[in-house]
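One letter stands for each residue in the lines below.
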Amino acid sequence: MSTTPTPTPIRPLTTHDADTLIEAARSAAAGLGVQGSVTVLDAGGHLLGFRRDDTAVLISGETSTRKAYTALQLDAPTADLADAVRPDGLFHTLPTALDRPLLFIAGGVPVHRDGRLIGAIGVGGGAPEQDDRIARTAIEAAGLN
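Residues numbered from 1 in each chain as written. Predicted model: local features only at pLDDT ≥ 70, side-chain atom pairs only at ≥ 80, totals over all residues. Heavy atoms only, no water.

Asks: Honestly, the nonpolar core in this entry has me stumped. Any pointers?
Replies: One broad rule of soluble globular proteins: the nonpolar side chains tend to lie buried together. Formed by 21 residues in total, the largest nonpolar core has its most connected members in Leu21 and Ile121. Of the residues forming this core, the biggest block, seven residues, is contributed by helix α1 (residues 15–32). The next biggest cluster of nonpolar side chains, apart from the first, holds ten residues, and it includes Leu41, Tyr69, Leu102 and Phe104. (Core = buried A, V, L, I, M, F, W, Y, C linked by side-chain atoms within 4.5 Å. Buried < 20%, exposed > 50% of the residue type's maximum accessible area, 1.4 Å probe, protein only. Helix = DSSP H or I, 4+ residues; strand = E, 2+ residues; numbered from the N terminus.)

Now the structure itself:
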């Protein structure tokens, strides 16, 4: 008699994970001299954590959230998607096709655990390359992906 192996259960992103990601992002941002915002979403796109530095530009809160949502929905870093929305790109109409706006600027990165998508982090407030670096540093520091 053969048995099908039981799949490993997905361990979701937790509020503890979100706190760890936010603190690691804050530390990475401070090291780069960036004042900004960090958003952490779970796999369903629900807010798990958010932080905006006191002196960050106000729009950084919105951009960090949109970057996280975009990375989550497409399961790809937003830095890797920018070319896809150019006029000749595969997703050129996608930014305006959905009810919830996507943002194809570097700084959003999906979060995986055991190879499975469990959420995303978005960073806004610095230059796009800085935001991407902060998000990736936070994921690495939290022991995810």
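The rest of the description comes next.
Asks: In this structure, what is going on with the side chain of His112? I would like to understand it.
Replies: Within the element layout of this structure, His112 appears in strand β3 (residues 108–113). The class of His112 is buried, set by a relative accessible area of 18%. Contacts of His112, omitting those with residues within four sequence positions, involve Asp75, Leu117, Ile118, Leu144 and Asn145. (Contact = heavy atoms within 4.5 Å.)

Asks: Help me understand the pattern of salt bridges in this model?
Replies: When the charged atoms of two side chains lie near each other, side chains of opposite charge can form a pair. This model, assessed by the stated rule, comprises seven salt bridges. In this structure, Asp53 and Arg51 form a salt bridge, with 3.2 Å as the shortest nitrogen-oxygen distance. (Salt bridge = Lys/Arg side-chain N within 4 Å of Asp/Glu carboxyl O.)

Asks: Explain the environment of Pro9 to me, please; I cannot follow it from the model alone.
Replies: Looking at where Pro9 falls in the secondary structure, it is placed in the segment before α1. Note: C-alpha distance between Pro9 and Leu72 (63 residues apart in sequence) is 20 Å.

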